Amino acid sequence: MDPGETESRHVRPARNTGLMDVGWADLVHDLTIDLGVLELGQFVIVEHCAQLDPNPYVQAAPERGGGWYCEVVSETYLPARVWPIDEWYLIAAGWTPPADPRDNWSRTAGSPDHVARLLADGLRHGRVCPDWQQVMWRTARFPRPPDEGQNEDPPPGPPPGQPGVQSGCGRHGTRLVVSARSVVSPAVAAGR
């Protein structure tokens, strides 16, 4: 586990309900619980385990002053030729397209329940990830440079040279490494 990955990881167990919407609803419920305990300086990354580098992902972090900043991975980090993206869905759902090539799709939300629904739908419909059983998430705390001590404000982002984040993914135990830039965007890292 990387120094910044301090909280938890979840992989949804397989269920034989045959009702895809029930699976996604359960996922939103469980994610809402985890989001409800996140503090400023922490974030969540939700991935569809597709054996890619990076996997399709969405992420969110609490903002200073309340609310949440949310992102869906853009084509800069995961091109549509590698994994589909439904830009029309994202626009219709209120996501803002990337203004800069380094940005992801973004939007804000108010409550953990709203964030969980946005992230699940952003992954399911925006990045066209139909199988909720292949979704996992982890929460973590942004790393602090050693000389900053235990100040109350989170740092502006991962320290320079911070290695990528490693995570287990899916039932196959595949390991992937994703660069800190593509997993935690500067806007999420800043806690906006």
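Keep in mind that this is a model prediction, so the values were computed, not measured.

## Considerations on the pattern of salt bridges
In total, this model carries five salt bridges according to the counting rule given. With its nearest N and O atoms 3.5 Å apart, the salt bridge here joins E39 to R141. One end of the pair, E39, is in the loop between α1 (20-35) and β2 (42-48); the other, R141, is in strand β6 (residues 135-141), with 102 residues separating them in the sequence. In this structure, the salt-bridge partner of D100 is R102, at a minimum N-O distance of 3.0 Å. Of the residues examined, D100 reaches a relative accessible area of 25% and is grouped as partly exposed. Assessed through its relative accessible area of 48%, R102 is described here as partly exposed.

## Points about the side chain of Q42
With respect to the secondary-structure elements, Q42 resides in strand β2. For Q42, a relative accessible area of 3% gives the class buried. Within the structure, Q42 has its side chain in polar contact with the backbone nitrogen of E39 (distance 2.6 Å).

## Some words on the environment of E75
Counting through the fold element by element, E75 comes out in the loop between β4 (68-72) and α2 (87-92). For E75 and I85, which are 10 residues apart along the polypeptide, the C-alpha to C-alpha distance reads 7.9 Å. Discounting chain neighbours no more than four positions away, the residues touching E75 are A80, I85, E87 and R127. Within the structure, E75 has its side chain in polar contact with the backbone nitrogen of A80 (distance 3.1 Å).

## Some points on the nonpolar core
As a rule of thumb, nonpolar side chains are buried together in soluble globular proteins. Core analysis: the biggest nonpolar cluster contains 39 residues, and L31, L35, V44, V46, C70, V115 and L119 have the highest contact counts within it. Elements that contribute at least two residues to this core include exactly α1, β2, β3 (57-62), β4, β5 (105-109), α3 (112-126) and β6. Counting residues per element, this core draws most heavily on α3, which supplies six residues. Once residues within four sequence positions are removed from consideration, L119 is found in contact with L31, V44, V46, V58, Q59, A60, C70 and E71.

## Observations regarding the environment of W105
One can find W105 in strand β5. A C-alpha to C-alpha distance of 5.4 Å links W105 and E71, two positions 34 residues apart in sequence.

## What to know about the pairing of β5
For β5, the buried fraction is high: four of the five residues fall into the buried class. When β4 meets β5, the two strands line up antiparallel, connected through five bridges. In the strand pairing of β5, W68 is matched with A109.

About the cut-offs
- Residues numbered from 1 in each chain as written.
- Predicted model: local features only at pLDDT ≥ 70, side-chain atom pairs only at ≥ 80, totals over all residues.
- Heavy atoms only, no water.
- Salt bridge = Lys/Arg side-chain N within 4 Å of Asp/Glu carboxyl O.
- Helix = DSSP H or I, 4+ residues; strand = E, 2+ residues; numbered from the N terminus.
- Buried < 20%, exposed > 50% of the residue type's maximum accessible area, 1.4 Å probe, protein only.
- Polar contact = N/O pair within 3.5 Å; in protein donor to acceptor, adjacent residues only side chain to side chain.
- Contact = heavy atoms within 4.5 Å.
- Core = buried A, V, L, I, M, F, W, Y, C linked by side-chain atoms within 4.5 Å.
- Pairing = 2+ DSSP bridges.

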